[in-house]
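Single-letter residue listing:
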Amino acid sequence: MSTISTAEVARVAELARLALTETEIERIASELDVIANAVARVSDVATADIPATSHPIPLTNVMRRDEVGPTLDREEVLAQAPASEDGGFLVPQILGEE
């Protein structure tokens, strides 16, 4: 039984402004249906005696000390830039912002 219809895929594609052909819409609906069924199967298997996990194996963060080290000279770096202003890189204006 299909849970994702081609009409739903077409509507979402329209909202996302994606131009999809009928063949693409049918293929994507089929693929999403397979994904939805896989998620449903996982939900069926999950029972109270199986604890929820965020990752299948335990993870440990490896941290290092945050120590100040040598840095580049600001004036030397800015001298190599195409343009600079007020101690920073000067870049072209984008998106019509002021």
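Right above here is the structure, for reference.
This structure is a prediction, so every number in the text was calculated from the model and none was measured.

Trainee: Hey, could you run me through a nonpolar patch on the surface in this one?
Mentor: A surface patch of nonpolar side chains, about 260 Å² in accessible area, is lined by Leu32, Ile35 and Val39. Note on placement: Ile35 falls in helix H2 (residues 22–45).

Trainee: Sorry if this is basic, but what is going on with the pattern of salt bridges here?
Mentor: Here the idea is simple: oppositely charged side chains can pair when their charged atoms come close. Going through the model one piece at a time under the given rule, you end up with three salt bridges. When the shortest N-O distance is used, the salt bridge between Glu14 and Arg11 registers 3.8 Å. Highlighted residues: Glu14 and Arg11, both in helix H1 (residues 6–15), separated by three residues, approximately one helical turn. Here Glu31 ties to Arg27 by a salt bridge, and the two come within 3.3 Å at their closest N and O atoms.

Trainee: Can you help me understand H2 in this one?
Mentor: Because each turn of an α-helix spans 3.6 residues, side chains separated by three or four positions end up pointing in the same direction. In this model H2 runs 35 Å from its N-terminal to its C-terminal C-alpha over 24 residues, within 8% of the 34 Å that 1.5 Å per residue would give. On its buried face, H2 sits against H1.

Parameters and conventions
Residues numbered from 1 in each chain as written. Predicted model: local features only at pLDDT ≥ 70, side-chain atom pairs only at ≥ 80, totals over all residues. Heavy atoms only, no water. Patch = residues over 30% accessible without salt bridge, like charges linked within 9 Å, V, L, I, M, F, W, Y side chains within 5 Å. Areas by Shrake-Rupley, 256 points an atom, 1.4 Å probe, with all protein chains shown as cover. Salt bridge = Lys/Arg side-chain N within 4 Å of Asp/Glu carboxyl O. Helix = DSSP H or I, 4+ residues; strand = E, 2+ residues; numbered from the N terminus. Expected span 1.5 Å × (residues − 1). Contact = heavy atoms within 4.5 Å.

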